[in-house]
Amino acid sequence: TAHIQRARQSHRERFGAEPRGMWPAEGSISTETLEVLAAEGCRWTASGEGVLVNSLKLIHEVKPERIRYLYRPYRLEKGADGLNCFFRDDRLSDLIGFEYSRWHGKDAALNFIEQIEAIARQAPDDERPVVSIILDGENAWEYYPYNGFYFLDKLYAHLEAHPDIHTTTYSDYLKPGAPRHGSAQVHSLPGIVAGSWVYGNFSTWIGSPDKNRAWDLLCVAKQSFDMVISSGRLSRQEQEAAEKQLCSCESSDWFWWFGDYNPSQSVASFDRLFRHNLTELYRLLKLPPPQNLSEPISHGSGHPEAGGAMRRASE
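The paragraphs below set out a description of the structure included in this document. Treat the numbers as computed from the prediction; the structure is a model and nothing was measured.

Observations concerning the layout of surface pockets
The calculated volume of the second largest pocket comes to roughly 1200 Å³. Surrounding the second largest pocket, 31 residues form its lining, Pro24, Ala25, Glu250, Ser251 and Ser252 being those nearest its centre. Among the elements of the structure, helix H1 (2-15), helix H2 (31-39) and helix H10 (252-257) are those that each provide at least two residues to the lining of the second largest pocket. Classifying every residue of the lining of the second largest pocket by side-chain character gives 18 nonpolar, 7 polar and 6 charged.

Remarks on the side chain of Ser47
Tracing the backbone through its elements, the reader meets Ser47 in strand E1 (residues 44-47). There is a polar contact of 2.6 Å between the side chain of Ser47 and the backbone oxygen of Gly27.

Observations concerning the packing of aromatic side chains
Counted according to the given criterion, the structure contains 21 aromatic pairs. Between Trp254 and Phe270, the aromatic rings sit 6.1 Å apart at their centres with planes inclined by 70°, giving edge-to-face as the arrangement. With a gap of 16 residues between them, Trp254 in helix H10 and Phe270 in helix H11 (residues 264-284) connect regions that are remote in the sequence. Exposure remark for Trp254: the relative accessible area of 10% places this residue in the buried category. Ring pairing ties together the aromatic residues Trp215, Trp254, Phe255, Trp257, Phe258, Phe270 and Phe274, which thus form one cluster.

Here's the deal with empty space enclosed by the protein
Space left empty within the atom packing is revealed by a probe, the size of a water molecule, rolled over the atoms. Scanning the model with the defined rule gives 1 cavity of 30 Å³ or more in all. No other element matches helix H4 (residues 90-99), which puts 3 residues into the lining of the largest cavity. Of the residues in the lining of the largest cavity, the class split is 6 nonpolar, 1 polar and 5 charged.

Comments concerning the packing of helix H8 (residues 209-231) against helix H9 (residues 236-249)
Orientation of H8 relative to H9, taken along the N-to-C sense of each, is 165°, at an axis distance of 11 Å. The orientation of H8 relative to H9 falls into the category roughly antiparallel. H8 and H9 meet at a crossing whose hand is left-handed. Listed contacts from H9 to Leu218, Lys222, Phe225 and Ile229 of H8 are Gln239, Ala242, Glu243, Leu246 and Cys249.

Rules behind the numbers
Residues numbered from 1 in each chain as written. Predicted model: local features only at pLDDT ≥ 70, side-chain atom pairs only at ≥ 80, totals over all residues. Heavy atoms only, no water. 1 Å grid on protein atoms, 1.4 Å probe; cavity = no way out; pocket = protein on both sides within 12 Å on 5 of 7 lines; lining within 4 Å. Points joined across faces, edges and corners; volume = space filled by probe spheres on them. Helix = DSSP H or I, 4+ residues; strand = E, 2+ residues; numbered from the N terminus. Nonpolar A, V, L, I, M, F, W, Y, C, P; charged D, E, K, R; others polar. Polar contact = N/O pair within 3.5 Å; in protein donor to acceptor, adjacent residues only side chain to side chain. Phe/Tyr/Trp six-rings, centres within 6.5 Å; stacked < 30°, edge-to-face > 60°. Buried < 20%, exposed > 50% of the residue type's maximum accessible area, 1.4 Å probe, protein only. Axes fitted to C-alpha atoms, helices over the stretch in contact; angles between N-to-C directions. Parallel < 35°, antiparallel > 145°, perpendicular 65-115°, else oblique. Left-handed = near helix turned anticlockwise from the far one by under 90°. Contact = heavy atoms within 4.5 Å.

In short, geometric facts, not functional conclusions.
This is the structure in structure tokens:
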């Protein structure tokens, strides 16, 4: 909850208005996450196709054709009142993130448009599909010629001129009175099977020995934080500084990079920074840092696709 509140405050300070929706790192959600987002005033969130498929298995023994479940908003049957959940097309998102960088920009743009047109042709007659394309906004373009200029220029030109494809944001789509004739009907889910759009689970952040060790170090630090805060020994200013530092220690990126499948240089940098942040937290709490924070957590040795900064929806 604190992270969501800080994010909304940061958005308000920088853009003059609170965001109407957000998604956690790589669409990492659960039923409880949706309930917290709704309680904090969010009207929409988003995750990956794999999360939706796993969640639909709660009510369907056999998965229907993806055209009949993917391109529409969902709400929980109970709880998370007013929160709409969208699920990205993993295949199309990964085409932009990993494949189109090797294509000629014009060809990639035309292929993408053809994919959208095919979805529209297959859609039920009474629905206008909502096709969600979500990927790392900062990471893909360095692998494209000229940072994706040719692809993006052609893509947006085609989208703007297309008579049947209409780009929008989730906020505009959900506005009362918005022109959404024939739009996708909101469907319900009994719950969310926790996961992200990376493999449909949380394995890129937790589960391996190195990642688990990092979580253990964070948990011990959090216990120390709770003990010191409850003791009242810190001034208000000191407490705020410690809270801000704890938030930095809780960033999902630390755990993303731990593991032997990542490049050794990247792992070493994130390992060192993570342990430095935890050490700084103990300093702000006026406690001696544990000795094991001087020991490396993980040693990388891999050569993952896109340098490890992005992960496909499926392994």
